[in-house]
Amino acid sequence: MGIENGSIDYFMTKLGEAKTHFERALDCKHTEFDDLYPYMIEHPQFFWYKRYVAWSELLTIVKLCTELTIEWEGQFSVAQADYIKKRVMSSKVLDFWFETNDSKEHVS
């Protein structure tokens, strides 16, 4: 029994939303989480927790895609897919999620 195209589209949409949510959290931009817990903005640990929630959401959607044999890796760079497969939101993930091959590593 295979999964229908409509279901694949649904999961790809949810995956895109989870990726956007995580990236907005990394950039300290407004997310739904801010609306749910507006009082947390006043606390220093807020941004860490907000990122953790977004990362957990992303991992959950990826896990569902994997279990349903829906290809998810094409939505991410090779490095991002590797971070997701390792499942641990480390400082490397936070520092290098947006890094691209054409970024300048050295200032001349």
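None of these values were measured; they are calculated from a predicted model.

A.B. asks: Break down the pattern of salt bridges for me, with residues and values.
C.D. replies: Scanning the entire structure with this criterion turns up three salt bridges. One salt bridge connects Glu17 with Lys14, and the closest N-O pair in it is separated by 3.2 Å. Here Lys14 and Glu17 lie together in helix H1 (residues 5–26), a separation of three residues that amounts to about one turn. Looking at Lys14, the relative accessible area reads 28%, which means it is partly exposed. The partner of Asp82 in a salt bridge is Lys86, with the nearest N and O atoms 3.1 Å apart.

A.B. asks: Please set out the confidence of the model for the protein residue by residue, giving values where relevant.
C.D. replies: Detailed reading of predicted coordinates is not advised where the pLDDT is low. Here the protein averages 85 in pLDDT, and 89% of its residues register 70 or above. At the level of individual helices and strands, the protein shows its lowest average pLDDT in helix H2 (residues 32–36), which scores 76, and its highest in helix H4 (residues 78–86), which scores 96. Across residues 101–108, confidence stays below pLDDT 50; counting only partners more than four residues off in sequence or on other chains, it has one contact.

A.B. asks: Can you break down the layout of surface pockets residue by residue, with the values?
C.D. replies: In this model, the largest pocket occupies a volume close to 220 Å³. Residue lining of the largest pocket: Glu17, Thr20, His21, Arg24, His30, Thr31, Glu32, Phe33, Leu36, Val53 and Glu57, and that is the complete set. Considering only residue class, the lining of the largest pocket consists of three nonpolar, four polar and four charged.

Basis of the calculations
Residues numbered from 1 in each chain as written. Predicted model: local features only at pLDDT ≥ 70, side-chain atom pairs only at ≥ 80, totals over all residues. Heavy atoms only, no water. Salt bridge = Lys/Arg side-chain N within 4 Å of Asp/Glu carboxyl O. Helix = DSSP H or I, 4+ residues; strand = E, 2+ residues; numbered from the N terminus. Buried < 20%, exposed > 50% of the residue type's maximum accessible area, 1.4 Å probe, protein only. pLDDT = per-residue confidence, 0-100. Contact = heavy atoms within 4.5 Å. 1 Å grid on protein atoms, 1.4 Å probe; cavity = no way out; pocket = protein on both sides within 12 Å on 5 of 7 lines; lining within 4 Å. Points joined across faces, edges and corners; volume = space filled by probe spheres on them. Nonpolar A, V, L, I, M, F, W, Y, C, P; charged D, E, K, R; others polar.

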